[in-house]
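# Examination of the molecular architecture
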Amino acid sequence: MPYVPPTHTVERSMRATLGVRTVAGVDEVGRGAWAGPVTVCAAVTGLRRPPEGLTDSKLITPKRRTKLAALLADWVTSYALGHASPEEIDGLGMTAALRLAAERALEALPERPEAVILDGKHNYLGGSWKVRTVIKGDQSCVAVAAASVIAKVRRDTAMAELGVEYTPFAFADNAGYPSPVHRAALEELGPTSQHRLSWSYLDTMPRWQHLKKVRNDADTGEQLGFDF
C-alpha cells in the first residue's frame, strides 16, 4: 500500500466550525499490554507540513520510529505525556485510566488546547473538552500521528528500563505485551508490581489466580493482542 501522508484536514475543519485556534492531537499506547502503564501523548503541531514518513507509529520500524520521535520533539509546537499506572488501571478500569492519562497530558501542555482530535471511535475523554474522534486518526491526522510516535517511543523506552530489573519478562522486547517469553515468565514467576492484576489473563494461570483483583464495574481488563 502506498504511503499517504497525514493532513491537517480535520484540524482545519475544527478551527472553522468550532472557532478554535489551538487543537491537540491525542493518542495512547499500552492499552492492550499486560504490564506497565498506559501512556497518552497530546501534541500541538499548528498547520505546518509534517516530517517525511510521519504516520501511525505501528507502521514504522523501531529504528525509524526512534529517529522520527527525536525529530518530532523539536518540530511540534508543544507536546506532553500522561500516564496511568497499573494500580490505577486496576482500580479505575481502562476507560477511566485512559481518561486520567489523557487529562494529565493535556493539562501538562504549556497552553490548554481549545479542542482535541482523539484517535479511534470512542470519546473516552469527555468532560469539558471539545472532542472529535477519528478512526485511524494516527494515520490521517498530523497531530495525532505525531502523538502516536512520541507516545510509543517514550513508553517503549520506559518499559526497556523496567526490563533491566525484571529480566525474565523481556520488557525491552515486548513492552509489556503478552509475548511467549513474557507469558512463560508469568506462569513460572507470577506477576510483578508492574502487572495489571485485574485482567483476565490470570484466569488462565491457576497458580496465581489468588492475586487477581476484582472490580465491581463492567470495565474488565482488555486483551487486545500483540502490539510491539
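Everything in this summary refers to the structure shown in the same document. (Residues numbered from 1 in each chain as written. Predicted model: local features only at pLDDT ≥ 70, side-chain atom pairs only at ≥ 80, totals over all residues. Heavy atoms only, no water.)

Check the secondary structure of the chain and you find eight helices and five strands. The C-alpha atoms of the chain give 18 Å as radius of gyration, which agrees with the globular expectation for 228 residues (17 Å, within 12%). When its C-alpha atoms are laid out on the principal axes, the chain stretches across 55 × 40 × 35 Å. The proportion of buried residues among the 228 residues of the chain is 52%. Carbon and sulfur atoms make up 55% of the accessible area of the chain, which amounts to about 10,700 Å² in all. A distance of 5 Å separates the average location of the 27 positive side-chain charges in the chain from that of its 26 negative side-chain charges. (Helix = DSSP H or I, 4+ residues; strand = E, 2+ residues; numbered from the N terminus. Rg over C-alpha atoms; globule rule 2.2 N^0.38 Å. Buried < 20%, exposed > 50% of the residue type's maximum accessible area, 1.4 Å probe, protein only. Areas by Shrake-Rupley, 256 points an atom, 1.4 Å probe, with all protein chains shown as cover. Lys, Arg positive; Asp, Glu negative; His and termini not counted. Charge placed at Lys NZ, Arg CZ, Asp CG, Glu CD.)

Now for the sheet that holds strand β1 (residues 23-29). Reading across from one edge, β3-β2-β1-β4-β5 is the order of the five strands in this open sheet, with mixed pairing throughout. Each edge of the sheet is formed by a strand with only one pairing partner; in this case those strands are β3 (78-84) and β5 (131-134). Looking at each pair of strands side by side, their axes are set apart by 20° on average, direction ignored. Examined bridge by bridge, β1 and strand β4 (residues 115-119) share four bridges and lie parallel to one another. For V26, the partnering residue across the bridge sits in β4 and is L118. Against the sheet, helix α1 (residues 9-18) engages β1, β4 and β5, with an angle of about 145° to β4. (Pairing = 2+ DSSP bridges. Axes fitted to C-alpha atoms, helices over the stretch in contact; angles between N-to-C directions. Contact = heavy atoms within 4.5 Å.)

Turning next to the pattern of salt bridges. Taken as a whole and judged by the stated rule, the model has ten salt bridges. Here K58 ties to D56 by a salt bridge, and the two come within 3.3 Å at their closest N and O atoms. When the shortest N-O distance is used, the salt bridge between R65 and D156 registers 3.7 Å. You can see R65 sitting in helix α2 (residues 62-75) and its partner D156 sitting in helix α6 (residues 142-165), a full 91 residues away along the chain. One exposure class covers both R65 and D156, and it is buried. Residues joined by salt bridges that share partners form a network here, namely D56, K58 and D138. (Salt bridge = Lys/Arg side-chain N within 4 Å of Asp/Glu carboxyl O.)

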